[in-house]
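Fold and geometry: a report
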Amino acid sequence: MKKYGQRQSGFTLIELLVVLVILGLLMSVVGPRVMKYVGGAKTDTARMQIQELSAALDMYHLEVGRYPSQDVGLRALIEQPAGEKRWKGPYLRKSNVPNDPWGNDYVYRFPGQHGPFDLFSYGADGQLGGEGEDAEIGSWE
């Protein structure tokens, strides 16, 4: 039984506030750096996916004799286009064409302005133009 005047062990309100202030300061310094690395990782992921899709398009070209038309697009990598007899796909391991790391569709243009085809992501903002994480990431880079 506790006697009057005995102190209980534990943290005081002031001690808890000091710890919260220190944690807040640490997060304000470390948080932006962590977010920069997360954004960079998404850009790197988009580059790798574009390389994988480009390799699949090249395999399609080797077997069919041409790249998929603009109308058929990247779906030709997983589904046989109507009337295409030399198709031996699917050319991707998964049963769907992946979206870019920001959830948008990759843009496929045939014929391309930078090569036989252009394959790119608009970046984090999903729009043409921008810098850093908002910049386009293309197969010609």
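Right above here is the structure, for reference.
Predicted model, so just to flag it, every value in this text is computed and none were measured.

Cut-off values and rules
Residues numbered from 1 in each chain as written. Predicted model: local features only at pLDDT ≥ 70, side-chain atom pairs only at ≥ 80, totals over all residues. Heavy atoms only, no water. Helix = DSSP H or I, 4+ residues; strand = E, 2+ residues; numbered from the N terminus. Polar contact = N/O pair within 3.5 Å; in protein donor to acceptor, adjacent residues only side chain to side chain. Core = buried A, V, L, I, M, F, W, Y, C linked by side-chain atoms within 4.5 Å. Buried < 20%, exposed > 50% of the residue type's maximum accessible area, 1.4 Å probe, protein only. Contact = heavy atoms within 4.5 Å. Phe/Tyr/Trp six-rings, centres within 6.5 Å; stacked < 30°, edge-to-face > 60°. Pairing = 2+ DSSP bridges.

Concerning the side chain of Ser 121
- Within the fold, Ser 121 resides in strand E2 (residues 118–121).
- There is a polar contact of 2.7 Å between the side chain of Ser 121 and the side chain of Asp 100.
- Engagement of the side chain of Ser 121 in a polar contact is seen with the backbone nitrogen of Gly 123, the distance being 3.1 Å.

Looking at the nonpolar core
- Core analysis: the largest hydrophobic core is formed by 22 residues, its most contacted members being Leu 53, Leu 57, Leu 74, Leu 77 and Leu 119.
- Looking at this core element by element, the count peaks at seven residues for helix H1 (residues 13–64).
- Not counting residues within four places of it along the chain, the set of residues in contact with Leu 77 comprises Leu 53, Ala 56, Leu 57, Tyr 60, Trp 87, Pro 90, Tyr 91 and Leu 92.

As for the packing of aromatic side chains
- On inspection of all chains with the given rule, the structure shows seven aromatic pairs.
- Ring centres of Trp 87 and Tyr 91 lie 5.8 Å apart, and the angle between their planes is 85 degrees; this geometry places the pair in the edge-to-face category.
- On the basis of an interplanar angle of 35 degrees and a centroid distance of 6.2 Å, the ring pair of Tyr 108 and Phe 117 is categorised as tilted.
- Note on Tyr 108: relative accessible area 7%, which makes it buried.
- You can call Phe 117 buried: its relative accessible area is 8%.

Let's talk about the sheet that holds strand E1 (residues 107–109)
- Strand order in the open sheet made by the three strands is E1-E2-E3, with antiparallel pairing throughout. With partners counted over all chains shown, the strands left at the sheet margins are E1 and strand E3 (137–138), one partner each.
- By the bridge criterion, three bridges tie E1 to E2 in an arrangement that is antiparallel. Within the sheet, the bridge partner assigned to Arg 109 lies in E2 and is Asp 118.

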